[in-house]
Amino acid sequence: MITIVFFRYKCIGCGNCELVCPLFFKITKLDGKSILINSIKKKNNYILKNIDNYFLKLLNKASNICPVKIIKIIKK
C-alpha cells in the first residue's frame with residue numbers, strides 16, 4: 001500500500017499535480033493552492049493512507065512534476 005504526504009503550506013499553486021493526477025489533487029478557489037483530496041491533516045502536512053498500487057504511476061508523475069517537490073510517496 002501507498003501513503004501520500006503533501007506539504008500544502010509550501011504549495012505555490014502551479015496546478016501541475018491536478019493536471020496529471022486529478023483523482024488525488026485539486027486547486028482550490030479559496031487560496032489557489034492544491035489540496036490532497038480526502039486526506040487527513042497532521043500538523044502542517046496532509047496524509048492519505050492505503051492507496052492502491054494501481055495509482056502509483058499517476059502519483060509518481062504528480063510528485064515528479066511538482067516544481068517545489070512537496071508530494072512524498074511512501075511505499076510499504
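Residues numbered from 1 in each chain as written. Predicted model: local features only at pLDDT ≥ 70, side-chain atom pairs only at ≥ 80, totals over all residues. Heavy atoms only, no water.

1. Quick look at the overall build of the chain
So, point 1. In terms of regular secondary structure, the chain is built from two helices and six strands.
So, point 2. If you list the helices and strands of the chain from N to C, you get β-α-β-β-β-β-α-β.
So, point 3. Relative to the 2.2 N^0.38 estimate, which gives 11 Å for 76 residues, the radius of gyration of the chain is 11 Å and therefore close to what a compact globule would have.
So, point 4. With the principal axes as the frame, the chain shows a C-alpha extent of 30 × 25 × 20 Å.
So, point 5. Scored against the burial criterion, the 76 residues of the chain give a buried share of 37%.
So, point 6. When contacts within the chain are restricted to residue pairs at least 6 apart in sequence, those whose partners lie at least 24 apart make up 62%. (Helix = DSSP H or I, 4+ residues; strand = E, 2+ residues; numbered from the N terminus. Rg over C-alpha atoms; globule rule 2.2 N^0.38 Å. Buried < 20%, exposed > 50% of the residue type's maximum accessible area, 1.4 Å probe, protein only. Contact = heavy atoms within 4.5 Å.)

2. Thoughts on the nonpolar core
So, point 1. Counting 21 residues, the largest nonpolar core has Ile4, Phe24, Phe25, Leu59 and Ile71 as its most contacted members.
So, point 2. For this core, the secondary structure elements donating two or more residues are β1 (2-6), α1 (16-20), β5 (45-51) and α2 (56-65).
So, point 3. For this core, the leading source of residues is β1, giving four residues.
So, point 4. What phenylalanine 24 contacts, discounting residues up to four positions off in sequence, is Ile4, Ile35, Leu36, Ile37, Leu48, Ile51, Phe55 and Leu59. (Core = buried A, V, L, I, M, F, W, Y, C linked by side-chain atoms within 4.5 Å.)

3. Topic: α2
So, point 1. Taken residue by residue, α2 has Leu56, Leu59, Ala62 and Ser63 as its buried positions. For α2, the angular spread of the buried residues around the axis is 125 degrees, confining them to a single face. Along α2, exposed side chains directed more than 90 degrees from the buried face belong to Lys57 and Asn64.
So, point 2. Check the buried side of α2 and you find it contacts β1, α1, β2 (25-27), β5 and β6 (71-75). (Arc of directions from axis to C-beta.)

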